[in-house]
Amino acid sequence: MSRISARVAAISESATLAVDARAKAMKAAGRPVIGFGAGEPDFPTPGYIVEAAVAACAEDRFHKYTPPGGLPELKQAIAAKTLRDSGFEVDAGRVLVTNGGKHAVYAVFATLLDPGDEVLVVAPYWTTYPEAIKLAGGVQVDVVTDEDSGYLASVEQLEAARTDRTKALLFVSPSNPTGAVYSPEQVEAIGRWAVEHDLWVVTDEIYEHLVYGSATFTSIATAVPELADKVVVLNGVAKTYAMTGWRVGWLIGPSDVVKAATNLQSHSTSNVSNVAQAAALAAVSGDLSAVAEMRTAFDRRRRTMVRMLNEIPGVVCPEPFGAFYVYPSVKELIGKEIRGRRAASSVELAELVLEEAEVAVVPGEAFGTPGYFRLSYALGDDDLAEGVTRLGKLFGEARQ
């Protein structure tokens, strides 16, 4: 008899966190590793948010259990923030505060899926989505995109993947890992297709404020009001307010879904840390000046990284318009000789890069599309330039 249950044994380690952990371990051992793996802002949490958390520590009511679905004042503030930022009007009863964005992902699929239900997932996709769907008993159906389309899925592709077992579409814009952003017209077309086929739409909007150039964020919930009874919005404070470690996310959905997910949370974690909730309250109730400063820096780094990567022979890097990642193709480098070695996959190529150039990247296999790297540009300008320069020098040695 197995010591570990089959459903948990089937869960893969988070590839992004594993790469980040290895890079940090190598740095601790004295090697000058530059890490492009982690998906978190390199800025501190704004001071006024930290001050709110400090003050909350002294409040007696936060020393006790609070409602498992979230502090009432935070849920109300999230509803107000959602109306302000995306035009989607909901009441506080349709909000569940979760232990980070990942917890919201697990909660929604556990609540919506029965064994065998299919979920359409656009690939490349964030590494946690498959594990959450699988753990809920669902079946992931990939809709694969590439650099030629800017990593954007069409209605025709979605329709080709739909079956009688399809229950939901996972829609992500801006995207992790590609930085792809759907236009308002594309968002509306996909939403109307979902309505036509009576599908649930789970939309992850965690990067809503990180868009660049001519791109605009459009919430599918707002673009297609007819979806209101079958859309679940996932979000959190991690990316917008540089609060990855505070672990506060949320989901917004129809009342019956939120009630069921809240019941699940009442037995799994109870309330999110009250101090972190107080910090999140300060974040979502405040203005967006902090994220504006971050976005300016990310935009500068984005343009630098795309330019430098496209100057490297064998690397093709489409311009991302959201989040803080680039997703270049490295297919031309696979199989070539580099310092006496031939990588047979992007996993092996990433290993070679880490060992020879002391640069940490996440291979495309982690996101469902081999032959690519994901690099985060949420790191300092000097490290970014040095890291890509090292890649260029290493790949410049590639031979047939």
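Bear in mind that the values here come from a model prediction, so they are computed numbers and not experimental data.

Reading the values: rules and limits
- Residues numbered from 1 in each chain as written.
- Predicted model: local features only at pLDDT ≥ 70, side-chain atom pairs only at ≥ 80, totals over all residues.
- Heavy atoms only, no water.
- Helix = DSSP H or I, 4+ residues; strand = E, 2+ residues; numbered from the N terminus.
- Rg over C-alpha atoms; globule rule 2.2 N^0.38 Å.
- Buried < 20%, exposed > 50% of the residue type's maximum accessible area, 1.4 Å probe, protein only.
- Contact = heavy atoms within 4.5 Å.
- Areas by Shrake-Rupley, 256 points an atom, 1.4 Å probe, with all protein chains shown as cover.
- Lys, Arg positive; Asp, Glu negative; His and termini not counted.
- Charge placed at Lys NZ, Arg CZ, Asp CG, Glu CD.
- Pairing = 2+ DSSP bridges.
- Axes fitted to C-alpha atoms, helices over the stretch in contact; angles between N-to-C directions.
- 1 Å grid on protein atoms, 1.4 Å probe; cavity = no way out; pocket = protein on both sides within 12 Å on 5 of 7 lines; lining within 4 Å.
- Points joined across faces, edges and corners; volume = space filled by probe spheres on them.
- Phe/Tyr/Trp six-rings, centres within 6.5 Å; stacked < 30°, edge-to-face > 60°.

A. Region of the structure containing the overall build of the protein chain. What the protein chain contains, in helices and strands, is 14 helices and 14 strands. For the protein chain, whose C-alpha radius of gyration is 21 Å, the value lies close to the compact-globule estimate of 21 Å for 400 residues. Dimensions of the protein chain along its principal axes, counting C-alpha atoms only, are 60 × 55 × 55 Å. Buried positions account for 56% of the 400 residues belonging to the protein chain. Counting only contacts in the protein chain whose residues sit at least 6 apart along the sequence, the fraction spanning at least 24 positions is 74%. When the accessible surface of the protein chain is summed, it comes to about 16,500 Å², and 53% of that surface belongs to carbon and sulfur atoms. Positive and negative side-chain charges of the protein chain, numbering 37 and 50 respectively, have mean locations separated by a distance of 5 Å.

B. A look at the sheet that holds strand β7 (residues 231–236). On the basis of which strands lie adjacent, the open sheet formed by 7 strands has the order β2-β8-β7-β6-β5-β3-β4 and mixed pairing. Strand pairing shows two members of the sheet lacking a second neighbour, β2 (95–98) and β4 (139–144), which therefore form its edges. Averaged over neighbouring strand pairs, the angle between their axes works out to 20° when direction is ignored. Each of β2, β7 and β8 (249–252) touches helix α4 (residues 72–86); the most contacted strand, β2, lies at about 110° to it.

C. Fine view of empty space enclosed by the protein. Overall, the coordinates contain 3 cavities of 30 Å³ or more when judged by the stated rule. What lines the largest cavity is a set of 15 residues, among which V122, P124, Y125, V172 and S175 lie closest to the centre. Elements supplying a minimum of two residues to the lining of the largest cavity: β3 (118–123) and β5 (166–172). Ranked by the residues each element gives to the lining of the largest cavity, the list is headed by β5, at 3 residues.

D. Molecular detail of the packing of aromatic side chains. Across all of its chains, the model carries 12 aromatic pairs by this definition. Aromatic side chains F324 and Y325 sit 5.0 Å apart centroid to centroid with 55° between the ring planes, which places their arrangement in the tilted category. Through pairs of rings, three or more aromatic residues link up here, namely F43, Y207, F298, F324 and Y325.

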